[in-house]
Amino acid sequence: FSVRVAFPDVQGLSSALQHALPGPAMSLWMPAEPDAHSSSADPPLVRKTLFLVRHGEAVHNIEEAKAKSRAASEASSEGHSPSSNAFKERLEAARRSVLQNGQLLDAELSADGKLQALRAKMEIESLTALGNTGLPWPTAVLTSPLQRTLQTTALIFPGHPGVHIRECLRERRTGLPCDERQPALQIRSRPSFAFMSSFNLVALDATGASSAEDEIGHIDELEDRAAVRRRTTQLVDLLRDFQEDAAICVVTHKGFLRELERGPLGRTEATEFGNCEVRVYEVAITESGKFTSELLYSAFEQ
């Protein structure tokens, strides 16, 4: 299938978004031809407009960047080239060391991260406010249960009646405190998250199926990238479940989005998402069960 979205004033939209809130320059990109992964030979049973959003900058991202910067200076002073394995290993060791801090458990958004979320809110509102030529407003929002994604969701979609927290959208299980969430009942008790549906998460915790964690978030089972890619296929099942919603927004993490795009969405060369970056796809599940996709909107990819 092929869906064309006409933006009558692409440059005007880009300029409006750029001046709405401070941030990096935008250059809107719309594909001229359908994605090669799409096909019209197999009629779709389910078709959705899928908004993908990465969370805003979190406090652990700041500590991670500081640690890498210090390690880079030290490695350079010792004569290591940035392209050398020794240099890269020094940065990775510094990054992981700082992220072991138990105080970063389920890290929250930074001040800049909150601004990024507000910018993404305006971007989505602009994309869906162009009358008959615009994209449809997401009537369902699926979000990861980690604090940084929940806060991002609350800022982009305040009071939205169709927000659902789903465990399968969480970040890769790294064993680091920043990538482990709080208990479902604690999440549910937060006033800023009260409007979100958390029944699925509460039920999961009640069965003990989410994971075995200690008090600072260390877990017994870790995930590699292949495991995360397998987990992204659960999103296909979620899209089937939300049959009445023509447009759905997913708020999740860089690792999940990378494996989703390069796996089920078929864009093997897709770049990694920046904080609060928005991309939009047209997706379909066909009669034979095939999952097809077409990228409709990206503000930064060329």
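For the structure itself, consult the block above.
Here we summarise the structure given alongside this text. (Residues numbered from 1 in each chain as written. Predicted model: local features only at pLDDT ≥ 70, side-chain atom pairs only at ≥ 80, totals over all residues. Heavy atoms only, no water.)

## Here's the deal with the packing of aromatic side chains
Here comes step 1: Applying the stated criterion across every chain, the model contains 1 aromatic pair.
Here comes step 2: Measuring from ring centre to ring centre gives 5.6 Å for Trp137 and Phe157, while their planes differ by 65°; the resulting arrangement is edge-to-face. Taken as a pair, Trp137 in the loop between α4 (111-127) and β2 (140-143) and Phe157 in the loop between α5 (147-156) and β3 (163-165) lie far apart in primary sequence, 20 residues in all.
Here comes step 3: Exposure remark for Phe157: the relative accessible area of 2% places this residue in the buried category.
Here comes step 4: If you follow Arg279 out to its NZ or CZ, it ends over the ring of Phe273, 4.0 Å from the centre. (Phe/Tyr/Trp six-rings, centres within 6.5 Å; stacked < 30°, edge-to-face > 60°. Helix = DSSP H or I, 4+ residues; strand = E, 2+ residues; numbered from the N terminus. Buried < 20%, exposed > 50% of the residue type's maximum accessible area, 1.4 Å probe, protein only. Lys NZ or Arg CZ within 6 Å of the ring centre and 35° of its normal.)

## Focus: the nonpolar core
Here comes step 1: Phe51, Val53, Ile124, Ile156, Met196, Cys249 and Val278 are the most contacted members of the largest nonpolar core, which totals 29 residues.
Here comes step 2: With 4 residues, α4 is the single largest residue contributor to this core.
Here comes step 3: Every residue in contact with Ile124, bar those within four places of it in the chain, is listed here: Phe51, Val53, Trp137, Ile156, Phe157 and Val278.
Here comes step 4: Core analysis: the next-biggest nonpolar cluster, separate from the first, contains 25 residues, Leu239, Phe273, Tyr281 and Val283 among them. (Core = buried A, V, L, I, M, F, W, Y, C linked by side-chain atoms within 4.5 Å. Contact = heavy atoms within 4.5 Å.)

## Focus on the side chain of Thr174
Here comes step 1: Among the structural elements, Thr174 can be located in the loop between β3 and α6 (184-188).
Here comes step 2: For Thr174, a relative accessible area of 12% puts it in the buried group.
Here comes step 3: There is a polar contact of 2.7 Å between the side chain of Thr174 and the side chain of Asp179.
Here comes step 4: Excluding its chain neighbours within four sequence positions, the residues that come into contact with Thr174 are Arg96, Asp179 and Leu222. (Polar contact = N/O pair within 3.5 Å; in protein donor to acceptor, adjacent residues only side chain to side chain.)

## Describing the pattern of salt bridges
Here comes step 1: On inspection of all chains with the given rule, the structure shows 21 salt bridges.
Here comes step 2: Across the pair Glu64 and Arg95 runs a salt bridge, and its minimum N-O distance is 3.1 Å. Remark: Arg95 occurs in helix α3 (residues 85-99) and Glu64 occurs in helix α2 (residues 59-77); sequence separation between them is 31 residues. For the pair Glu64 and Arg95, one class covers both residues: buried.
Here comes step 3: Three or more residues are tied together by salt bridges with common partners; here these are Glu167, Arg170, Arg173, Glu180, Arg181 and Asp205. (Salt bridge = Lys/Arg side-chain N within 4 Å of Asp/Glu carboxyl O.)

## Regarding α5
Each α-helix turn comprises 3.6 residues. Residues three or four places apart therefore point the same way.
Here comes step 1: Counting buried positions along α5 yields 9 of 10 residues, so the element is predominantly enclosed.
Here comes step 2: Those residues of α5 that fall on the buried side of the exposure criterion are Gln147, Arg148, Thr149, Leu150, Gln151, Thr152, Thr153, Ala154 and Ile156.

## Regarding the sheet that holds strand β4 (residues 247-252)
Here comes step 1: Pairing is mixed across the open sheet formed by 6 strands, whose spatial order is β3-β2-β4-β1-β5-β6. Unpaired on one side and paired on the other, β3 and β6 (291-298) mark the two borders of the sheet. Taking each pair of neighbouring strands and ignoring which way they run, the sheet shows an average axis angle of 25°.
Here comes step 2: Here α4 sits on the sheet and contacts β1 (44-54), β5 (278-286) and β6; the angle it forms with β5, its principal contact strand, is near 55°. (Pairing = 2+ DSSP bridges. Axes fitted to C-alpha atoms, helices over the stretch in contact; angles between N-to-C directions.)

Scope: geometric values only; no functional claims are made or implied.
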